[in-house]
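Summary of the model geometry
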Amino acid sequence: MTDGEPVRVLIADDNRTFRRGVRLRLENTDGVAVVGEVANGRDAVAAALSEGPDVVLMDLEMPGMNGIDATRAVVEASGGSVRVIALTSHGEDHLVRRAIASGASGYLLKTHDSAQLVDAIRAAHRGDALVSSRVTRTLLAGVVQHRATEEDRVKLASLTPSEIRVVKLLSEGVTSNEQVAAELVVSVNTVRSHIRASLGKIGVDDRTQLALWGARMTEDLGRSDGRV
């Protein structure tokens, strides 16, 4: 996308009233353009390929093909170029895990306000993942700590002290780059750089997977005592 072009958004939800409400909110937002709305997973996959959205807002509990399967299909068919934000009325960790495993770039409850939704859309389009703090806490609370493997220790040793601090904050449920930057008294660009580097070293696809890895490695991260 070049400067000045809006983020193209597709809305997929079987609730017509909800779809229309989201559309109205986004149509009044600068830098965002709604390219279509659909009511089921199969139509979401077809529209994602035909309409060329940058981001799909995907309800997870639709009839026919559900949003989790549709997310996987969209991500695979687009080679990851189309980002998916999972939307649901619930915060159950099993849905969170399945959505993330299917390639969702963000996960929000439908109760979030317009500003948070737009932030999530823009974050997904940048290649970041935004997961609501409530959902993050649910997800991280379900992580069972395990003893670090030798491979985990090698990965941990590859992180710089600054990267370790960032991973620790993500694993504690700090959800935005701005919050991490404020906590560590560094710039948002520095946080993004640390996250990108850490993703490559740990071998995961997004910040949510990085947070989960960090949550499993809490004890080892604490012993590393990283400092920015």
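Everything in this summary refers to the structure shown in the same document.

What counts, and where the lines are drawn
Within any chain, residue numbers begin from 1 and follow the written order of that chain's sequence. pLDDT decides what is reported in this predicted model: residues at 70 or higher carry local features, side-chain atom pairs at 80 or more are listed and counted, and totals for whole chains, interfaces and linings draw on all residues regardless. Computation of side-chain values covers all heavy atoms of the structure but excludes hydrogens and water. Stacked, edge-to-face and tilted are the three classes for Phe, Tyr and Trp ring pairs, Trp counted by its six-membered ring, which pair at centre distances within 6.5 Å; planes under 30 degrees apart are stacked, over 60 edge-to-face, the rest tilted. Charge-over-ring placement is defined geometrically: NZ (Lys) or CZ (Arg) within 6 Å of the ring centre, and within 35 degrees of the ring normal. Helix axes are fitted only over the stretch in contact, all axes being lines through C-alpha atoms; the angle between N-to-C directions runs from 0 to 180 degrees. Each helix is a run of H or I in the DSSP string that is no shorter than four residues. Each strand is a run of E no shorter than two, and both are numbered from the N terminus. Here the word oblique covers every angle except those under 35 degrees (roughly parallel), over 145 (roughly antiparallel) and from 65 to 115 (roughly perpendicular). Working rule for contacts: check all heavy atoms of both residues, and any pair within 4.5 Å makes them a contact. For this classification, the nonpolar set comprises Ala, Val, Leu, Ile, Met, Phe, Trp, Tyr, Cys and Pro, the charged set comprises Asp, Glu, Lys and Arg, and every other residue, Gly included, is treated as polar. Put plainly, a pocket is an open set of points on a 1 Å grid over the protein atoms alone with protein on both sides within 12 Å along at least five of seven lines, a cavity is a set where a 1.4 Å probe fits but cannot get out, and a lining residue has an atom within 4 Å of a point. Grid points are joined across faces, edges and corners, and a volume is the space filled by probe spheres set on the points. Note on definitions: salt bridges are taken to be side-chain nitrogens of Lys or Arg within 4 Å of carboxyl oxygens of Asp or Glu. Relative accessibility thresholds used throughout: buried, under 20% of the residue-type maximum; exposed, over 50%; partly exposed, between the two (1.4 Å probe, protein chains only). Buried residues of nine kinds, namely Ala, Val, Leu, Ile, Met, Phe, Trp, Tyr and Cys, make up a nonpolar core once their side-chain atoms join them within 4.5 Å.

**Observations concerning the packing of aromatic side chains**
In total, this model carries 0 aromatic pairs according to the counting rule given. Residue placement shows Lys-110 over the ring face of Phe-18; its charged tip is 4.6 Å from the ring centre.

**Considering the packing of helix H9 (residues 177-184) against helix H10 (residues 188-202)**
One way to put it is that H9 packs onto H10 with a least axis distance of 8 Å and a crossing angle of 105°. Considered as vectors, H9 and H10 are oriented roughly perpendicular to each other. Residue-level contacts link Asn-177, Glu-178, Val-180 and Ala-181 of H9 to Val-188, Val-191, Arg-192 and Ile-195 of H10. Of the residues assigned to the contact of H9 with H10, the class counts are 5 nonpolar, 1 polar and 2 charged.

**Side note on empty space enclosed by the protein**
Counting across every chain of the model gives 2 cavities of 30 Å³ or more. The calculated volume of the second largest cavity comes to roughly 60 Å³. The wall of the second largest cavity is formed by Phe-18, Val-22, Arg-25, Leu-87, Leu-109, Lys-110, His-112 and Leu-117. For the lining of the second largest cavity, the element with the most residues is helix H1 (residues 16-27), which contributes 3 residues. Counted by class, the lining of the second largest cavity contains 5 nonpolar, 1 polar and 2 charged residues.

**Examining the pattern of salt bridges**
Within the structure shown, the criterion is met by 10 salt bridges. Here Asp-59 makes a salt bridge to Lys-110, at a shortest N to O gap of 3.4 Å. With Asp-59 in strand E3 (residues 55-59) and Lys-110 in the loop between strand E5 (106-109) and helix H5 (114-126), the pair connects residues that are 51 residues apart, well separated along the chain. Residue Asp-59 is classed as buried on the basis of its relative accessible area, which comes to 3%. Counted as one network, the salt bridges with shared partners bring together Arg-19, Arg-20, Arg-23, Glu-27 and Glu-37.

**Re the nonpolar core**
Leu-156, Leu-159, Leu-170, Val-180, Ile-195, Leu-210 and Trp-213 are the most contacted members of the largest nonpolar core, which has 19 residues in total. Sorting the residues of this core by element identifies helix H8 (161-171), H9, H10 and helix H11 (207-216) as the ones contributing at least two each. Of all the elements, H8 adds the most residues to this core, at 5 residues. Residues contacting Ile-195, with those up to four places away along its chain left out, are Val-166, Leu-170, Asn-177, Arg-207 and Leu-210. Val-9, Leu-87, Val-118 and Ala-120 belong to the second largest nonpolar core, which has 18 residues in total.

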